[in-house]
Amino acid sequence: MKLVERSIQSIRDSFRRSLPVASLLLLAMTGCQGGGGSGSGQSLESRDLTQKDIAALERLEILWTRNAPEYPREKLELLASKPEAGPWLAKSMTAMSVKAYDNMVRQQVRVRDFMRSEQGRKSFLGRTRTEMEALGGMGQDAIITYLLRDKRAQVREVGIILFENWPEADLFPALEKEYALGDLNSRRAVLLICSERPGSKRSQDLLIKASGDDSWMVRGLAVRPWGASMRVQRDPDAAQKLWAYYERERDSFVRKQTLLAIGELKDSSQVRPLIDLVQTLERQGNRKESRDAIQALEILTGSKPGNSASAWLKWLNG
């Protein structure tokens with residue numbers, strides 16, 4: 001057992017020599033017991049590693065960092081002789097991804113936008129994203145366990161970026177399972193991934209499910225991308241569905257997000273209903289929600305005639 005513990009510690013120490021604070025926090029939290037930020041206690045990595053296996057893993061990490069041509073061959077050789085090393089390699093990739101993300105943030109790079117460019121796809125994080133996909137289920141499990149379940153939004157963001165190019169058929173079964181079994185952090189991350197795929201039917205199905213979640217935070221995160229998906233998919237009943245949802249929702253934050261989703265439909269037929277709502281809310285003395293409805297009008301029309309129903313009626317009547 002002491003040899004196993006030293007082996008695991010050796011791998012963790014090799015990560016520490018090159019990782020920034022955020023990555024160190026990631027490793028400290030997951031540790032050799034696994035479990036990500038969810039506290040599930042799940043462990044993806046086998047402890048049955050020899051010193052030779054550990055040395056091979058350390059060498060693979062160095063080769064990957066250097067973009068060395070020997071990496072693909074040595075990776076295949078190691079995984080063929082020792083499949084148990086695969087999850088360790090995937091975990092190392094998640095840590096290196098956090099490091100790469102940290103470095104870009106320090107340089108004030110808009111990481112999500114950068115990663116959609118040709119330069120971003122060729123960057124270290126871009127290469128690592130492609131490699132995580134090549135690792136298949138091992139890469140997928142590591143992203144979910146060590147990134148999407150993390151309590152910190154910045155670490156979850158790395159997982160969202162790594163999943164951005166995964167084929168829907170491979171990705172969504174895992175996302176659907178994680179949403180059903182995951183904690184609040186991972187459910188929120190799953191919804192952010194869905195929001196990046198408004199044309200996907202499976203994404204929309206998850207968003208609809210999330211709109212009925214017990215957590216107001218989850219419902220609030222789901223409703224605007226749900227509206228966006230209906231707009232992209234040209235659902236003729238989108239506005240009607242959102243108004244019905246608004247009427248039955250009682251949380252003020254979720255109601256606001258629903259109004260904004262109506263504005264984001266860019267449906268000119270919704271201008272008058274929103275102005276009518278502003279009038280009603282003004283009569284009720286509900287100034288906060290009246291401002292929310294006005295914000296939806298501003299999104300819909302691109303205009304800012306004022307902060308009252310009368311100003312909007314004047315604008316509407318020309």
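K.L.:
I'd like a description of the packing of aromatic side chains, backed by residues and values.
P.N.:
With the rule as written, the count across this model stands at 6 aromatic pairs. Judged by centre distance (5.7 Å) and plane angle (90°), the ring pair of Trp243 and Tyr246 falls under edge-to-face. Remark: Tyr246 and Trp243 occur in helix α15 (residues 238-248); sequence separation between them is 3 residues, near one turn of the helix. Among the residues examined, Trp243 registers a relative accessible area of 16% and is labelled buried. Taking NZ or CZ as reference, Lys91 lies 5.1 Å from the ring centre of Tyr146, over its face.

K.L.:
Just give me the short version of the packing of helix α4 (residues 71-81) against helix α5 (residues 85-106), but keep the residues and values in it.
P.N.:
Where α4 meets α5, the axes come as close as 9 Å, and the angle between the chain directions of the two elements is 140°. With respect to α5, the element α4 is oriented oblique. Residues Tyr71, Lys75, Leu78 and Leu79 of α4 form the contact with α5, whose own contacting residues are Ala85, Gly86, Leu89 and Met93. Split into classes, the residues belonging to the contact of α4 with α5 amount to 6 nonpolar, 1 polar and 1 charged.

K.L.:
Account for the side chain of Asp213, naming residues and giving values.
P.N.:
In this structure, Asp213 sits in the loop between α13 (201-210) and α14 (216-232). Under the relative-accessibility criterion, Asp213 is labelled buried at 12%. Engagement of the side chain of Asp213 in a polar contact is seen with the side chain of Tyr179, the distance being 2.6 Å. A polar side-chain atom of Asp213 sits 2.8 Å from the main-chain amide nitrogen of Ser215.

Analysis parameters
- Residues numbered from 1 in each chain as written.
- Predicted model: local features only at pLDDT ≥ 70, side-chain atom pairs only at ≥ 80, totals over all residues.
- Heavy atoms only, no water.
- Phe/Tyr/Trp six-rings, centres within 6.5 Å; stacked < 30°, edge-to-face > 60°.
- Helix = DSSP H or I, 4+ residues; strand = E, 2+ residues; numbered from the N terminus.
- Buried < 20%, exposed > 50% of the residue type's maximum accessible area, 1.4 Å probe, protein only.
- Lys NZ or Arg CZ within 6 Å of the ring centre and 35° of its normal.
- Axes fitted to C-alpha atoms, helices over the stretch in contact; angles between N-to-C directions.
- Parallel < 35°, antiparallel > 145°, perpendicular 65-115°, else oblique.
- Contact = heavy atoms within 4.5 Å.
- Nonpolar A, V, L, I, M, F, W, Y, C, P; charged D, E, K, R; others polar.
- Polar contact = N/O pair within 3.5 Å; in protein donor to acceptor, adjacent residues only side chain to side chain.

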